[in-house]
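# Descriptive structure summary
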Amino acid sequence: MATGIRFKETMAGYVGMGETDPVAGARKGRADGTRLAMHAEVSIASIDDFLADPEHVGGLSGSVDYQPIGGEHTADDGLFGLFSPSEEPDLRYMVYQLKLDRDGAPHLLSGRKHVRDDSCFDLWRDTTTLHTLIHEGEDENAPALAAGILRLDLGELLRLLSTLETPGATSIGDKTDAVSKFGLFFMGELWRIYGPST
């Protein structure tokens, strides 16, 4: 049986209705006092398959709490991508997509963390800042209903680490191997992107 990785992550921030640009949406959300919280669970069924996949895609589920669309909505059909490639060679994405049901109408929360080496001081900001859109439809081609920026603070990062599980592991060795592979991949990619140029 394959060994996987599972962990929980909560990000929150200001999201403004009627905006299509996350930065402008965050400003509007702050002015309006409209915050959004995303409580997500990342599920990777097989760490080996995940690492072999060039898109590095796993599953995502959880809930989104945003009062302008009616409060909390649960989601069990989502996508997570870690260091997924973009059209630009020096840009990678951390991708979060959650499909929501709003009174029978499909909506999609779509977020991306932009991982790029503008400066080594950007590492924390890049890996904890989610540029977020809520689409009034089931995919990213649907019109944007709202936009904003969610953040992962230090306290939530520590809580994330405490939720780490290894489904499918049948021994301490299996668990250690899966966590090591995930950690080495994550830190290796950060070093490749943000480390000193040769």
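Remember, it's a predicted structure, so these values are computed and weren't measured experimentally. (Residues numbered from 1 in each chain as written. Predicted model: local features only at pLDDT ≥ 70, side-chain atom pairs only at ≥ 80, totals over all residues. Heavy atoms only, no water.)

### A look at the side chain of His56
Mapped onto the fold, His56 is located in the loop between helix H2 (47-52) and strand E3 (57-66). Side-chain polar atoms of His56 contact the backbone oxygen of Asp53, separated by 2.7 Å. Setting aside its immediate chain neighbours within four residues, His56 contacts Phe50, Leu51, Phe80, Gly81, Leu82, Phe83 and Phe185. (Helix = DSSP H or I, 4+ residues; strand = E, 2+ residues; numbered from the N terminus. Polar contact = N/O pair within 3.5 Å; in protein donor to acceptor, adjacent residues only side chain to side chain. Contact = heavy atoms within 4.5 Å.)

### Section: helix H1 (residues 22-32)
Pro22, Ala24, Gly25, Ala26 and Gly29 are the residues of H1 that are buried. Taken together, the buried residues of H1 touch strand E1 (5-17), strand E7 (129-135) and strand E8 (144-151). With a side-chain oxygen lying 3.2 Å from the backbone nitrogen of Val23, the N-terminal cap of H1 falls on Asp21. Just beyond H1, the residue with positive phi is Gly33, at close to 70°. (Buried < 20%, exposed > 50% of the residue type's maximum accessible area, 1.4 Å probe, protein only.)

### Description of the pattern of salt bridges
Working definition: two side chains of opposite charge can pair if their charged atoms are close together. Per the counting criterion, the structure on display carries 11 salt bridges. A salt bridge links Asp48 to Lys181; its shortest N-O distance comes to 2.7 Å. Taken together, the residues span a long stretch of sequence, with Asp48 in helix H2 and Lys181 in helix H5 (residues 172-194) at a distance of 133 residues. Exposure remark for Lys181: the relative accessible area of 28% places this residue in the partly exposed category. Among the salt bridges present, the one from Arg116 reaches Glu88, with a minimum N-O distance of 2.7 Å. Of this pair, Arg116 sits in strand E6 (residues 105-116) while Glu88 is found in the loop between strand E4 (71-85) and strand E5 (91-102), placing the two residues 28 residues apart along the sequence. It is possible to trace a salt-bridge network through shared partners that takes in Asp48, Asp177 and Lys181. (Salt bridge = Lys/Arg side-chain N within 4 Å of Asp/Glu carboxyl O.)

### Brief notes about the packing of aromatic side chains
By the definition in use, this model includes 7 aromatic pairs. Put simply, the rings of Phe7, Phe50, Phe80, Phe83, Tyr96, Phe182, Phe185 and Phe186 pair up and form one aromatic cluster. (Phe/Tyr/Trp six-rings, centres within 6.5 Å; stacked < 30°, edge-to-face > 60°.)

### Examining the environment of Asp177
You can see Asp177 is positioned in helix H5. Residue class for Asp177 comes out partly exposed when judged on its relative accessible area of 39%. Through-space distance from the C-alpha of Asp177 to that of Ser110 is 31 Å; in sequence the pair is 67 residues apart.

### Some words on unusual backbone geometry
Phi is positive for Phe83, close to 55°, though the residue is something other than glycine. Among the residues examined, Phe83 registers a relative accessible area of 2% and is labelled buried. The backbone phi angle of Asp103 is positive, close to 55°, even though this residue is not glycine. The topology assignment puts Asp103 in the loop between E5 and E6. Residue Asp103 is classed as exposed on the basis of its relative accessible area, which comes to 78%.

### Some points on the confidence of the model for the chain
For the chain, mean pLDDT is 91; residues scoring 70 or higher make up 97% of the total. Mean pLDDT across the elements of the chain ranges from a minimum in helix H3 (residues 123-128), with 84, to a maximum in H1, with 98. (pLDDT = per-residue confidence, 0-100.)

### Structural notes on the pairing of E3
Sheet analysis places strand E2 (residues 35-44) next to E3, joined by 8 bridges and oriented antiparallel. Looking at E3, one finds that Glu41 is bridged to Ser61. Sheet topology places E3 next to E4; 9 bridges connect them, and they run antiparallel. Paired with Tyr66 across the strands is Gly71, a residue of E4. Hairpin connection from E3 to E4: 4 residues lie between these consecutive antiparallel strands, with Gly70 at a positive phi of about 105°. (Pairing = 2+ DSSP bridges.)

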